[in-house]
Amino acid sequence: SITHELLDVVLDRGTMDIADDLAVPLPVIVIAELLGVPPQDRRQFKKWSDTLVEGAAENTKEAVSAVLMEKRQALAELIGYFQEMIGRRRNDPKADLISLLLAAEIEGEKLSEEEVINFSILLLAAGNETTTNLITNAVRRLTEDEALQKRLSGQLGLMPAFIEEVLRFYPPIQGIGRIAMRDVEVGGKTIKAGDQVVSWVASANRDETKFANPGAFLLDRSQNPHLSFGFGPHFCLGAPLARLEGQIAIRAILERAKHIRRTPGVELTPVPSPFVFGVKHLPVAFESKQEGMFASDPADMV
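Here we summarise the structure given alongside this text. (Residues numbered from 1 in each chain as written. Predicted model: local features only at pLDDT ≥ 70, side-chain atom pairs only at ≥ 80, totals over all residues. Heavy atoms only, no water.)

1. What to know about the overall build of the protein
Then step 1. A tally of regular secondary structure across the protein gives 12 helices and nine strands.
Then step 2. Its C-alpha atoms give the protein a radius of gyration of 21 Å, within 12% of the compact-globule value 19 Å for 302 residues.
Then step 3. C-alpha extents for the protein along the principal axes are approximately 60 × 55 × 40 Å.
Then step 4. When burial is assessed residue by residue, the protein has 43% of its 302 residues classed as buried.
Then step 5. Counting only contacts in the protein whose residues sit at least 6 apart along the sequence, the fraction spanning at least 24 positions is 66%.
Then step 6. Carbon and sulfur atoms form 55% of the exposed surface of the protein, whose accessible area is close to 16600 Å². (Helix = DSSP H or I, 4+ residues; strand = E, 2+ residues; numbered from the N terminus. Rg over C-alpha atoms; globule rule 2.2 N^0.38 Å. Buried < 20%, exposed > 50% of the residue type's maximum accessible area, 1.4 Å probe, protein only. Contact = heavy atoms within 4.5 Å. Areas by Shrake-Rupley, 256 points an atom, 1.4 Å probe, with all protein chains shown as cover.)

This is how it looks when you write it as structure tokens:
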């Protein structure tokens, strides 16, 4: 219902920015509703979330320092917000995740306020921009391959496979930072305990020893052990939700629009982070299936 409400606003126009009009607000609304955040605070929530995962625009000491200051400020504001919210929920529980966490017990012990806040912040940061990028990347791929778009539109049962291949081909998170717990040798190189390591998920997802024709986007790929949600104890807790949001969003778009194509002459601006794969805006034009109305020619919008 949230997805269709967002699409209702743009269908008559025949144009939309996939990011601004759908992929950005949808995950924020879902996470906010889960936590019990009121609608008027969603925009601020998105701002905090973006800041927490933002990377420096330039590889300079000054730029990195500025980003770290912004992150600290956003974190402090989020903690203050959740502290106030927790205080209200202790006295007046609601049907939301914050109230459930406050009531939860683990071996007879309740979670501390700090644990509830940390979990809520993790949920916000991890379940927001990543899903935004999944949806945006999925539509981007459809605009790059007209035959793929037509096939998927006619075979919506392939949607789960499509989303999995998007996750492999255009992973929302392309690198993950880790610290080695012990000495280990990888590829003939020794990594010492305590060393910082970047695991390039995007590279692993195109490993020719794991994937047949890894550089191609294959809708009917039978084996797809991508690492876009992590692995083992680090596997993404929100993977089922992200998959569901991605499938619902793309299905709704294809049910209500056709001939989706990028607005020509508009350059894509990458999300400013070396660990994230996505674009800040994705303007497209389309034809509405509902009204039978044709959108404006993309050339008219340049």
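2. Remarks on the packing of helix α5 (residues 61-91) against helix α7 (residues 113-126)
Then step 1. Contact geometry of α5 with α7 gives a least axis separation of 10 Å together with a crossing angle of 120°. Judged by the inter-axis angle, α5 sits oblique to α7. In this structure, α5 crosses over α7, and the sense of that crossing is right-handed. Where α5 approaches α7, its residues Leu75, Leu78, Ile79, Phe82, Gln83, Ile86 and Arg90 are matched on the opposing element by Glu113, Val116, Ile117, Ser120, Ile121 and Leu124.
Then step 2. The class makeup of the residues in the contact of α5 with α7 is nine nonpolar, two polar and two charged. (Axes fitted to C-alpha atoms, helices over the stretch in contact; angles between N-to-C directions. Parallel < 35°, antiparallel > 145°, perpendicular 65-115°, else oblique. Left-handed = near helix turned anticlockwise from the far one by under 90°. Nonpolar A, V, L, I, M, F, W, Y, C, P; charged D, E, K, R; others polar.)

3. Thoughts on the nonpolar core
Then step 1. Ranked by internal contacts, the top residues of the largest apolar core, which has 43 residues, are Phe162 and Ile250.
Then step 2. Counting residues per element, this core draws most heavily on helix α12 (residues 239-256), which supplies seven residues.
Then step 3. If sequence neighbours within four positions are ignored, Ile250 has contacts with Ile135, Ala138, Val139, Leu142, Leu152, Met159, Phe162 and Ile163.
Then step 4. Judged by nonpolar contacts, the second largest core, of 20 residues, contains Val37, Tyr81, Ile86 and Val116. (Core = buried A, V, L, I, M, F, W, Y, C linked by side-chain atoms within 4.5 Å.)

4. Regarding the packing of aromatic side chains
Then step 1. Scanning all chains against the criterion turns up 11 aromatic pairs.
Then step 2. Aromatic side chains Phe169 and Phe217 sit 5.5 Å apart centroid to centroid with 80° between the ring planes, which places their arrangement in the edge-to-face category. You can see Phe169 sitting in helix α10 (residues 159-169) and its partner Phe217 sitting in the loop between α11 (201-204) and α12, a full 48 residues away along the chain.
Then step 3. Residue class for Phe169 comes out buried when judged on its relative accessible area of 10%.
Then step 4. With relative accessibility at 12%, the residue Phe217 sits in the buried group.
Then step 5. Taken together, the ring pairs in this structure connect Phe162, Phe169, Tyr170, Phe217 and Phe277 into an aromatic cluster. (Phe/Tyr/Trp six-rings, centres within 6.5 Å; stacked < 30°, edge-to-face > 60°.)

Interpretation note: all reported values are geometric properties and have no functional meaning in isolation.
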